[in-house]
Amino acid sequence: MNKTKINFSGRSAIFSGTAGVGLLILALGSITTSSIHALPAVQDVAGDWFGFFNAPGLPPGPCRLTIQFQQNRSFSGPLDIELPPDPCNVMISGAVSASNNVSFTGHNDTTGCRANAHVMFSDFGDGGALFDGDLKLTLGDGTQPKGSVVQLRAFMPDPNMPPPDMIGDYQGNGTSDVNGQQIPIIIHIARIVCDCIDRPPATVFAANLGISTAMFSAGYATVSPHGEQTTHDSEPVVAYELLVIGQGNDANARIMGAFHVHAGVSPCIRGQFQIRNLDGTEDHGQFEAFQQ
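Since the model is a prediction, treat every value here as computed from it, not as a measurement. Counting restarts for each chain, with residues numbered from 1 along the sequence as it is written. Under the rules for a predicted model, residues below a pLDDT of 70 receive no local features and side-chain atom pairs below 80 are neither given nor counted, while totals for whole chains, interfaces and linings still include all residues. Where side-chain values are given, they derive from all heavy atoms of the structure, hydrogens and water being excluded.

Student: Let's hear about the state of the cysteines: which residues, and what values?
Tutor: Cysteine sulfur pairs qualify as disulfides if the two atoms are within 2.5 Å. Enumeration over the complete set of coordinates arrives at 1 disulfide. Left without a disulfide partner, Cys-63 is nearest to the cysteine sulfur of Cys-88, which lies 9.1 Å away.

Student: Run through the nonpolar core, naming residues and quoting values.
Tutor: Here, nonpolar core means buried Ala, Val, Leu, Ile, Met, Phe, Trp, Tyr and Cys residues that are tied together by side-chain atoms lying within 4.5 Å of each other. In this scheme, a residue with accessible area under 20% of its type's maximum is buried, one over 50% is exposed, and one in between is partly exposed, where area comes from a 1.4 Å probe on protein chains only. Counting residues in each nonpolar core, the largest one holds 28 residues, and the members touching the most others are Leu-79, Ile-81, Phe-131 and Leu-137. Here a helix means four or more residues in a row that DSSP labels H or I, a strand means two or more in a row labelled E, and each is numbered from the N terminus. Listed by contribution, the elements that provide at least two residues to this core are strand S1 (47-54), strand S2 (61-67), strand S4 (74-81), strand S5 (88-96), strand S6 (101-107), strand S7 (114-123) and strand S8 (129-138). By definition in these notes, contact holds between two residues if any of their heavy atoms fall within 4.5 Å. In this structure, Leu-79 is in contact with Cys-63, Arg-64, Leu-65, Cys-88, Asn-89, Val-90, Ile-92, Phe-104 and Ala-115, ignoring residues within four places of it in sequence. Ranked by size, the runner-up nonpolar core spans 26 residues in total, among them Ala-221, Tyr-240, Leu-242 and Ile-269.

Student: Report on the side chain of Arg-73, specifying residues and quantitative values.
Tutor: Mapped onto the elements of the fold, Arg-73 is located in the loop between strand S3 (69-71) and S4. For this count, His and the chain ends are skipped, Lys and Arg are scored as positive, and Asp and Glu as negative. The term salt bridge refers to a side-chain nitrogen of Lys or Arg lying within 4 Å of a carboxyl oxygen of Asp or Glu. Buried charge without a partner: Arg-73 forms no salt bridge, and the closest opposite charge is Asp-123, 11 Å away.

Student: Tell me about the pairing of S4, and please be specific about residues and values.
Tutor: Walk down a regular strand and you will see the side chains alternate between the two sheet faces. For two strands to pair, DSSP has to find at least two bridges joining them. By the bridge criterion, 3 bridges tie S2 to S4 in an arrangement that is antiparallel. Pairing of Arg-64 across the sheet is with Asp-80, part of S4. The pairing of S3 with S4 spans 3 bridges and is classified as antiparallel. By the bridge assignment, Gln-70 is partnered in S4 with Phe-75. Counted along the chain from S3 to the antiparallel partner S4, the turn is 2 residues long, and its residue Asn-72 has a positive phi close to 55 degrees. As defined by bridge partners, S4 adjoins S5 across 8 bridges and the pair is classed as antiparallel. Directly across from Gly-77, in S5, lies its bridge partner Ile-92.

Written out as structure tokens, the structure reads:
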């Protein structure tokens, strides 16, 4: 949050008569018009977040966060993580900063489970968003698994404009921006899934990914129902914003792009991919995959 500070030098000034009052008014007017800036908008992080928690020594667990209440930059809601032998269910409270950093903590006095997270909030408009960062747990047995968390919030559905039919298999190729290698891309978009409170299931899909040799067998996808008329290679295209997350045994993946509908050509997904490994290494690049 930007803060306006007014500093005084400590020197005294003597104003006399009307001229002194006028100078004081001019000085205050200068402060008012030049120093006060509009505060940054508060990001809306409320809603249902679907994703995964992955830590060394534990199988990846589905991770559901429902932010039920937000006031200014503060928020709260239940966090549920499926872990063996028992899930970790806590009520969290947190805050979102002006720079899109999000932190939250929570605890469950009955089970002894505690959670502490720091994630980056990425807003893609129309409700679609990603949480991506680190989560540390303290379980009832005293163990403290620490790993990565990636979560997706769905694009808002439109009752007058259903999302495009994108269920199917997509294959293509990508190029790593890290090492320049050409890599195969496989994306599978399955049935519609979601038991959202305030975002009906029309824009959320089950998904799994294959990027290079890494497989992400569990995942979610969301697509905006609002298409944008554009062109690709001089041909007319309707593009729908798309987000996909995938979880593997030791890495997670994100796809940020668009579902493209071409006249007379197979639909395709174009955009960026990112892979985040548990050891801290990452890969990212561009890709294109066509429906088979």
